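# Tertiary structure, described
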Amino acid sequence: MQNLISLWSQMNLRRQVTLIGVTIAVFALVFAISRVTGRTDYALLYAGLEPQAAGEIVAALEQRGIPYEVRGTAIHVETTSRDAIRMTLAAEGLPAAGGAGYELLDGLSGFGTTSQMFDAAYWRAKEGELARTILANPSIRNARVHIAQSAAQPFRKSAPPTASVTVTTVAGVASTEQAKALRHLVAAAISGMRPEDVSVIDSVGGLVPPETDTTTAAAADRETALRQNVERLLEARVGPGNAVVELSLDLVTDHEQITERKFDPQGRVAISTDTTEKSGTNRDINQDVTVASNLPEGDAGQAGSQSQNSETRERVNFEVSETQRELIRAPGAIRRMTVAVLVNGLHSQAADGSTSWQPRPEAELADLRELVASAVGLDTARGDVLTLKSLSFESLAPQGTLVEAGWLPQIDVMQLVQVAVLALVTLVLGLFVLRPLLTGTPQRRQDETGLLPGAMGGMLPSPASMGEVPRVVSGEIDDISGFTDIPGESVELPDDPVDRLRRLIEARQTESVQILRGWLEDSEEKA
């Protein structure tokens, strides 16, 4: 401490002001770099929220005392605690997924609520519940549902309800399969609505058209299923990665309906029999009228004839044999199938380490061909083709390198760079600014001061500014005070004045430093 005070008292005003300014600048620079190094990194918490939902998130963060930043419509928090904050807010139902659901109906009372108000609240609740269900899908980031329900009119048939769904997906554009699922979801939740009555609009790609060609999708699914079955069957024999299967299906796309009716005249069938029988008797009597026939006991002669008849009638009703058939052929039937199978050959290693390849035996290929034909249901009558070959597979070079966990990903590289820069700046300022000021060794150029660097870190006068160098005889210095004889030594100085002065300074270091320091202070005061 005494050395610092002594050094400070020996400095002039300009050096003191320079030292104070440099010290303040060093501390300011160190403080700025430390602020940059210790700055908290913020990461995105939520973005694109509705104003009400964003306000609820901000209120929850302020209630917990969590630091946050609002940048436009995005909310940022500290990177280290972002995931924990998301889980905590999700446990409280924040942010609210979609609009309000059936809880809207809880606030309706029987007094002052008309049927129109209840219907409007009901459809709002239905829209909110559907939006929540859609947002439960991880691939959907935002969703809105609108339902159009026609008002009931007494003399007009009510139109079926329609709906529109607006979604924002994580992938950027909603696929056809996602749109199809959304249509069926909304249509199944609303009575009387069909999937065709639901329109799906993507916020990036626009309207997603409905899938009209279902036959193509069905063919792709069947091809994938058959290919997987054949590959699994072959890999059990040749091993994984040693079989490649390609399958193509030609499906029937026509919709056909056939109605057929045939009559067989030879195939009669009795359906009813009607039999009628009729019989009768006829008698004719001829009698003469006489006096005897008029008497009570008179016996008159009688004469006549008698006849009997019978009739049988049978009616049989026949129905002609009839065959009626109605055949409906829907699209999707296989018209033709083509299967191509490539199987790797056999690799053998010789004694010298060389590898040779040879195709698989024909008997094995015949067995594999039979298995594949059975697995896909091959029908040669309709023109199906199966091609199975054994060829050599070319080995592919590995793409990239194996990713392994290391220590570098766990360290923030930017923080390391900032700390390194801070240490470098501090070292440079300490060595080249503070040290020269504290040691009191100014470095000046020869053409300005006439001094040359000498031994022991001091400064010596140049030959041009020295003039005539004092003579030294038997260790005594002429015309220069402060120098004394070197005890017990006879000094023989060289002829060069600079060498003589250097030898003299080496012999009298303390006195030489005092003289040079006095010269420097005098020159600075004159300047």
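Above this text you will find the structure in question.
From a predicted model like this one, the values you see are computed outputs, not experimental measurements. (Residues numbered from 1 in each chain as written. Predicted model: local features only at pLDDT ≥ 70, side-chain atom pairs only at ≥ 80, totals over all residues. Heavy atoms only, no water.)

Of the regular secondary structure elements, the chain holds 13 helices and 18 strands. Looking at the 527 residues of the chain, the share that counts as buried comes to 22%. Long-range contacts, defined here as pairs at least 24 residues apart, represent 67% of the contacts in the chain between residues at least 6 apart. Total accessible area computed for the chain in this model is approximately 37,300 Å², and 54% of it derives from carbon and sulfur atoms. (Helix = DSSP H or I, 4+ residues; strand = E, 2+ residues; numbered from the N terminus. Buried < 20%, exposed > 50% of the residue type's maximum accessible area, 1.4 Å probe, protein only. Contact = heavy atoms within 4.5 Å. Areas by Shrake-Rupley, 256 points an atom, 1.4 Å probe, with all protein chains shown as cover.)

Let us now look at the pattern of salt bridges. Tallied over the full model, the rule gives 11 salt bridges. The salt bridge involving arginine 237 is made with glutamate 364; its shortest N-O contact spans 3.0 Å. One end of the pair, arginine 237, is in helix H7 (residues 214-238); the other, glutamate 364, is in helix H8 (residues 362-376), and 127 residues separate them in sequence. Each member of the salt-bridge network shares a partner with another, and the members are Arg237, Arg360 and Glu364. (Salt bridge = Lys/Arg side-chain N within 4 Å of Asp/Glu carboxyl O.)

Let us look at the packing of aromatic side chains. For the coordinates displayed, the defined rule picks out one aromatic pair. On the numbers, 5.3 Å between centres and 70 degrees between planes, the contact of tyrosine 122 with tryptophan 123 is edge-to-face. Tyrosine 122 sits in the partly exposed class, given a relative accessible area of 30%. Tryptophan 123 gets classed as partly exposed once you look at its relative accessible area, which sits at 22%. (Phe/Tyr/Trp six-rings, centres within 6.5 Å; stacked < 30°, edge-to-face > 60°.)

When the terminal C-alpha atoms of helix H5 (residues 115-135) are compared, their 30 Å separation across 21 residues agrees well with the 30 Å that a helix rising 1.5 Å per residue should span. Restricting attention to buried positions, one finds in H5 the residues Ala121, Ala125, Lys126, Glu127, Gly128, Leu130, Ala131 and Ile134. On its buried side, H5 packs onto strand S4 (140-148), strand S5 (162-169) and helix H6 (176-189). (Expected span 1.5 Å × (residues − 1).)

What holds strands together in a sheet is hydrogen bonding between their backbones, with the strands either parallel or antiparallel. Taken in spatial order, the four strands of this open sheet run S4-S5-S6-S7, and their pairing is mixed. Since the sheet does not close on itself, it has two edges, and those belong to S4 and strand S7 (206-207), each with one partner. Examined bridge by bridge, strand S6 (residues 198-202) and S7 share two bridges and lie antiparallel to one another. Directly across from isoleucine 201, in S7, lies its bridge partner leucine 207. (Pairing = 2+ DSSP bridges.)

Let us look at the pairing of S6. Only one face of S6 is buried, namely the one carrying Val198, Val200 and Asp202, since none of Ser199 and Ile201 on the opposite face is buried. Taken together, the five bridges between S5 and S6 define a ladder with parallel strand orientation. Residue pairing across strands places serine 164 opposite serine 199, the latter belonging to S6. Chirality of the crossover, the property in question, places the unit of S5, H6 and S6 among those that are right-handed. (Right-handed = clockwise from strand over helix to strand, strands pointing away.)

Attention shifts here to the environment of glutamine 10. With respect to the secondary-structure elements, glutamine 10 resides in helix H1 (residues 2-10). Residue glutamine 10 is classed as partly exposed on the basis of its relative accessible area of 45%. Spatially, the C-alpha atom of glutamine 10 lies 9.5 Å from that of glutamate 521, the residues being 511 residues apart in sequence.

Sheet analysis places strand S2 (residues 68-71) next to strand S3 (residues 74-78), joined by four bridges and oriented antiparallel. The partner of arginine 71 across the bridge, within S3, is alanine 74. What sits between S2 and S3 in their antiparallel hairpin is a turn of two residues, with glycine 72 showing a positive phi close to 70 degrees.

Moving on, we get to the side chain of serine 390. The topology assignment puts serine 390 in strand S14 (residues 385-391). What makes serine 390 buried here is its relative accessible area of 10%. One polar contact links the side chain of serine 390 to the main-chain amide nitrogen of arginine 360, over a distance of 3.2 Å. When neighbours within four sequence positions are excluded, serine 390 is seen to be in contact with Val343, Asn344, Gly345, Trp357, Pro359, Arg360 and Leu365. (Polar contact = N/O pair within 3.5 Å; in protein donor to acceptor, adjacent residues only side chain to side chain.)

This part is about the packing of H5 against H6. Closest axis-to-axis distance for the H5/H6 pair is 11 Å, and the angle between their directions is 145 degrees. In the crossing of H5 with H6, the sense of the turn from one axis to the other is right-handed. Listed contacts from H6 to Lys126, Leu130, Thr133 and Ile134 of H5 are Leu182, Leu185, Val186 and Ala189. Residues of the contact of H5 with H6, tallied by class, amount to six nonpolar, one polar and one charged. (Axes fitted to C-alpha atoms, helices over the stretch in contact; angles between N-to-C directions. Left-handed = near helix turned anticlockwise from the far one by under 90°. Nonpolar A, V, L, I, M, F, W, Y, C, P; charged D, E, K, R; others polar.)

Looking now at a nonpolar patch on the surface. Together, Trp8, Ile20 and Ile24 line one region of the surface with nonpolar side chains, adding up to about 290 Å² of accessible area. Residue placement: isoleucine 24 occurs in helix H2 (residues 13-37). (Patch = residues over 30% accessible without salt bridge, like charges linked within 9 Å, V, L, I, M, F, W, Y side chains within 5 Å.)

By secondary structure assignment, the location of threonine 169 is in strand S5. At 3.2 Å, the side chain of threonine 169 and the backbone nitrogen of glycine 172 are in polar contact. Not counting the four nearest positions on each side in its chain, threonine 169 is found in contact with Ser139, Ile140, Arg141, Ala174, Gln178 and Asp202.

Another point: the sheet that holds S3. Pairing within the open sheet is antiparallel, and its three strands lie in the order S1-S3-S2. Two strands in the sheet have a free side with no partner beyond their single neighbour: strand S1 (42-47) and S2. Each strand axis lies, on average, 30 degrees off the axis of its neighbour in the sheet, ignoring direction. With respect to the sheet, helix H3 (residues 51-64) is in contact with S1, S2 and S3, its orientation differing from that of S3 by roughly 20 degrees.

Two numbers describe how H3 lies on helix H4 (residues 82-91): the axes approach to 12 Å, and their chain directions differ by 110 degrees. Between H3 and H4, the angle is such that the two are roughly perpendicular. Crossing of H3 over H4 shows right-handed handedness. On H4, the residues that touch Ile57, Ala60, Leu61 and Arg64 of H3 are Ile85, Thr88 and Leu89. Per-class residue counts for the contact of H3 with H4 are five nonpolar, one polar and one charged. (Parallel < 35°, antiparallel > 145°, perpendicular 65-115°, else oblique.)

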